[in-house]
Amino acid sequence: MKPAPKLAFVLYCWISAVAAPWTLQIVLVLTLFALPLFSPMWRLPSERAKHTARRFLAFLAILSIVLLIVNGLMFSGAGRTLIVGGIALNRSGVLFASTVALRLILLSASVLFFFLSTPMRAIADFIEDRGLPSALAILTLLSVHIVEMLPDRIHDILAAQEARGAPVRGSLLARFRSLIAVLGPLTVSSLAEAIERGHAYALRGLGSARILPSYSTASSASRWTWPLLSLSFITVAWRLLAWIQR
Amino acid sequence: MAILGPSEAGKTTLLFAIAGLLGIHGTGASSSGSVAVLGHAFTPFPSHPEFPHVSMLLQDPAVQISGLTDTVQEEILLGLRHAGVARENAEHHLEESLRLLGIPHLRDRTLRSLSGGEIQKVALASAIATGPSVLLLDEPASALDPASAIALASLLRRLAHRSTIMFTDTTLDLAVRCADTVCVFDAGGVRFTGSPADLIRSGSLYCDMLPTEPWTTALRRLERAPAGDPLVRRLRRLAGMT
Amino acid sequence: MRADTDARPLRPVMNSTRFHSLFAGPVLPLMAFGTALNLVVGQITAALKIPIYLDSLGTILVAVLAGPWQAAISGSLANLLAAAFGNPAMAFFIPVVCVIAIWTSLVARWGWFRRWPLTVLGGVLQGVIAALISAPIAAYVFGGTMLAGTDLLVILYRSLGNDILRSTLLQGLTSDPVDKVISYLLVVALLSRLPSRLLMRFPGAVRIQPPAADHVA
């Protein structure tokens, strides 16, 4: 699975989120939500990915409502008021909040769906295959690995500190001391493991050669990459022109 | 070839220098010197691994599993792909490395379901799949039970037909079973170079320094026994010491 | 037997360009740790019930031990990953991360991390700079809602009659200096606990403490 056309779509969503009119943004949001259902390339591969997506969408919904209420109540300056469920909301505030909410949904849902539907390996391959510095590919892999490993390690160190009678629940100052006591061993052990793993990646030739085409499953979706990139470019150019004319 | 010596003697640093790992990720920043690998002299040390010509098995094989793949097959193909081996040929190398390690049955297993010993074998299979000219192993026997160590020795003897093999160890046991040459390291310097039998014969301090299991102890006793005794002669012949 | 390569020249894993020299020594693993620390330190402070984020702790650590570019790369990656893991707003604050990386490196170069009053001063200034850069982003791109506890401060300032930009700026000026001073002090405390054998492998170690000071954790 090649992530290039998907990345191009994410880029287009991001550019549209700040540069395109709201009607187009709504079309894009609807497309985004339809993609995991209809496009095999965007399908969420696991139950866990689906769960994450559902939770995140619920979170976005709540956030949008909070945005609407906060801006509706607090938008300074004159404006007509809308009465919704007995609450008087400032119309310009509600409009502003809707724009921001739409932008947030577009920005976040595109990235979220991209990462949930693309395996880490495809992303690493992509970084290397573009000839980007191999150090970046190794850095990304190492970071993701440490992120996955740290919560368990933090839990273990905290438990050990607590068993030794460290003030995990004492005063604020005492808890700061525990924080330092946790960070010390965490840094030493994580650095040691990261160095080892870096060696292992280098030994396996990560970044040493371009990946042969015969390994990557060619996808007809690649033909979407350039049109999407061109669309992004046109959107930016159109927006710049409009700004200069004004 | 076996690199023997107590811990902290600099054995791993030597392997890292040969593998081209000293220049990256900062192992042994204080080291100096030069290395010649496959006809290329490096002064100072090579700054990047001579992949795929030099492979190395790290002391903790679990670290070596990339975490990018799900199955044993994909894991071994990963290195082949980075070595630039075409997909059609890769299949052949994959099968051969699995066969050499005696693990064709693990091919479709997920990496998470493997035991510690199996992980070592998979890591070794990935290391040899690219057909390296030099294979380095850092204390491969340290976590093995005696039976697995014997199996490892015969595996290394088989692999020696394909690659130059260097491994480190803190005991003499694996070296006695499969090494042509031993090199004893201590305090950062070479103290002895020769065959395992020579080392035992020399009765040197470094031979006593290395802990041994009964088989090696027996060999050492045999070496020191009076040569006139016919039984000793016969035992020596059986042990391949003549 | 050698695996037959398909007549494709092998690129070296690390060549000696200037870019790659940025990652010499154990700097690359440090950067990876810095990235990860930015992302998970919030879990530690939450477990210890400490009411701050410290989400640039890793960037500051890398900036002190390695340098500005390494910290900027590591911090930017952290923000990109945070965006991927569910907080897309973070990707827009990459400029802030880069400024934190550069400022912290300067502070380290000036030797301010050797004396705690100067460390505190560096942290306060860092907070002010960070607030000045992040306020317009928070206001214009996100309408002052950052999916974080600091949103309450923005709401408070807006209810006092300020517009969005002013409110996000005031919020930044209220919370950022506190967060950065604590981050700076934490980094100093953390570095004094690292074994000097590990510490001395990083180019920036000499800027923090004299080599003799060795407190093994």
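For clarity, every value in this text was computed on a predicted model and none was experimentally measured.

**Here we look at the overall build of chain A**
Part 1 of the argument: Tallying secondary structure elements over chain A gives 8 helices and 2 strands in all.
Part 2 of the argument: Tracing chain A from N to C terminus, the helices and strands come up as α-α-α-β-β-α-α-α-α-α.
Part 3 of the argument: Each of the 246 residues in chain A was classed as buried or not, and the buried ones make up 36%.
Part 4 of the argument: Residue pairs in contact within chain A that sit at least 24 positions apart in sequence constitute 69% of those at least 6 positions apart.

**Describing the overall build of chain C**
Part 1 of the argument: When its secondary structure is counted, chain C shows 9 helices and 0 strands.
Part 2 of the argument: Of the regular secondary structure in chain C, the N- to C-terminal order runs α-α-α-α-α-α-α-α-α.
Part 3 of the argument: Taking all 217 residues of chain C together, the buried fraction comes to 50%.
Part 4 of the argument: Long-range contacts, defined here as pairs at least 24 residues apart, represent 67% of the contacts in chain C between residues at least 6 apart.

**Notes on helix H2 (residues 22-38) of chain A**
All names here are of chain A.
Part 1 of the argument: Across its 17 residues, H2 extends 24 Å between first and last C-alpha, which sits within 8% of the 24 Å expected from 1.5 Å per residue.
Part 2 of the argument: Among the residues of H2, those classed as buried are Gln25, Leu28 and Leu32.
Part 3 of the argument: Residues of H2 that are buried sit in contact with helix H1 (4-19) and helix H4 (91-117).

**A look at the pairing of strand S6 (residues 164-169) of chain B**
Residues and elements named next belong to chain B.
Part 1 of the argument: Buried residues dominate S6, accounting for 5 of its 6 residues.
Part 2 of the argument: Alignment of strand S5 (residues 134-137) against S6, held across 4 bridges, turns out to be parallel. The residue of S6 that forms the bridge with Leu137 is Phe167.
Part 3 of the argument: In this region the chain leaves S5, passes through helix H6 (residues 146-159) and returns to the parallel neighbour S6; the handedness of that crossover is right-handed.

**Points about the environment of Phe16 of chain B**
All names here are of chain B.
Part 1 of the argument: Note that Phe16 resides in helix H1 (residues 11-19).
Part 2 of the argument: Here Phe16 falls in the buried class, since 25 other C-beta atoms lie within 10 Å of it.
Part 3 of the argument: For the pair formed by Phe16 and Arg87, sequence separation is 71 residues and the distance between their alpha carbons is 30 Å.

**Section: the confidence of the model for chain A**
Part 1 of the argument: When pLDDT is averaged along chain A, the result is 79; 86% of the residues meet or exceed 70.
Part 2 of the argument: Note that pLDDT drops below 50 for residues 208-214 of chain A; the model gives that stretch 26 contacts with residues more than four away or on any other chain.

**Focus on the confidence of the model for chain C**
Residues and elements named next belong to chain C.
Part 1 of the argument: For chain C, mean pLDDT is 81; residues scoring 70 or higher make up 82% of the total.
Part 2 of the argument: Considering only residues more than four positions removed or in separate chains, one finds that residues 1-17, a stretch of pLDDT under 50, has 44 contacts.
Part 3 of the argument: Below a pLDDT of 50 lies the segment residues 211-217, which in the model reaches 12 contacts outside its immediate sequence neighbourhood of four places, other chains included.
Part 4 of the argument: For this predicted complex, the interface confidence score (ipTM) comes to 0.79, while the overall pTM stands at 0.73.

**Re the sheet that holds strand S1 (residues 2-4) of chain B**
Residues and elements named next belong to chain B.
Part 1 of the argument: With mixed pairing, the 6 strands of this open sheet are ordered in space as S4-S5-S6-S1-S7-S8. Looking along the sheet, the strands with just one partner apiece sit at the ends: strand S4 (54-57) and strand S8 (189-194). Direction aside, neighbouring strands of the sheet carry axes that sit 20° apart on average.

**Brief notes about unusual backbone geometry**
Part 1 of the argument: The backbone phi angle of Glu139 of chain B is positive, close to 45°, even though this residue is not glycine.
Part 2 of the argument: When you line up the elements, Glu139 of chain B lands in the loop between S5 and H6.

**A word on the packing of H1 of chain A against H2 of chain A**
Residue and element names in this part refer to chain A.
Part 1 of the argument: Contact geometry for H1 and H2: axes closest at 10 Å, N-to-C directions at 150°. Of the possible angle classes, the one that applies to H1 and H2 is roughly antiparallel. By crossing handedness, the relation of H1 to H2 is classed as left-handed. Contact residues: Cys13, Ser16 and Ala17 in H1; Leu24, Gln25, Leu28 and Leu32 in H2.
Part 2 of the argument: Residue composition of the contact of H1 with H2, grouped by class: 5 nonpolar, 2 polar and no charged.

**Re the packing of helix H2 (residues 27-47) of chain C against helix H4 (residues 68-84) of chain C**
Residue and element names in this part refer to chain C.
Part 1 of the argument: Where H2 meets H4, the axes come as close as 8 Å, and the angle between the chain directions of the two elements is 40°. With respect to H4, the element H2 is oriented oblique. Our pair here, H2 against H4, has a crossing hand that is right-handed. Across the interface between the two elements, Val27, Met31, Gly34, Thr35, Asn38 and Leu39 from H2 touch Gln70, Ile73, Ser74, Gly75, Leu77, Ala78, Leu81 and Ala82 from H4.
Part 2 of the argument: Per-class residue counts for the contact of H2 with H4 are 8 nonpolar, 6 polar and no charged.

**Looking at the environment of Leu58 of chain B**
Part 1 of the argument: One can find Leu58 of chain B in the loop between S4 and helix H2 (61-64).
Part 2 of the argument: Here Leu58 of chain B falls in the buried class, since 25 other C-beta atoms lie within 10 Å of it.
Part 3 of the argument: Taking C-alpha positions, Leu58 of chain B is 9.7 Å from Leu15 of chain B, a pair spaced 43 residues apart along the chain.
Part 4 of the argument: Sequence-distant contacts of Leu58 of chain B, defined by excluding residues within four places in its chain, comprise Glu196, His199 and Ala200 of chain A together with Val63, Gln64 and Asp138 of chain B.

**What to know about H2 of chain C**
Given 3.6 residues per helical turn, the α-helix brings residues three or four places apart onto the same face.
All names here are of chain C.
Part 1 of the argument: An ideal rise of 1.5 Å per residue puts 30 Å on 21 residues; H2 measures up with 29 Å between its terminal C-alpha atoms.
Part 2 of the argument: Where H2 bends most, the angle comes to about 45°, and this point is Leu39.
Part 3 of the argument: Summarising burial for H2: 16 of the 21 residues are buried, a large majority.
Part 4 of the argument: In the segment just after H2, Lys49 is the residue with positive phi, at about 55°.

Cut-offs applied
Residues numbered from 1 in each chain as written. Chains lettered and ligands numbered in written order. Predicted model: local features only at pLDDT ≥ 70, side-chain atom pairs only at ≥ 80, totals over all residues. Helix = DSSP H or I, 4+ residues; strand = E, 2+ residues; numbered from the N terminus. Buried ≥ 20, exposed ≤ 12 C-beta atoms within 10 Å, placed from the backbone. Contact = placed C-beta atoms within 7 Å. Expected span 1.5 Å × (residues − 1). Pairing = 2+ DSSP bridges. Right-handed = clockwise from strand over helix to strand, strands pointing away. pLDDT = per-residue confidence, 0-100. Axes fitted to C-alpha atoms, helices over the stretch in contact; angles between N-to-C directions. Parallel < 35°, antiparallel > 145°, perpendicular 65-115°, else oblique. Left-handed = near helix turned anticlockwise from the far one by under 90°. Nonpolar A, V, L, I, M, F, W, Y, C, P; charged D, E, K, R; others polar. Bend = angle between axes of the 7 residues up to and from the residue.

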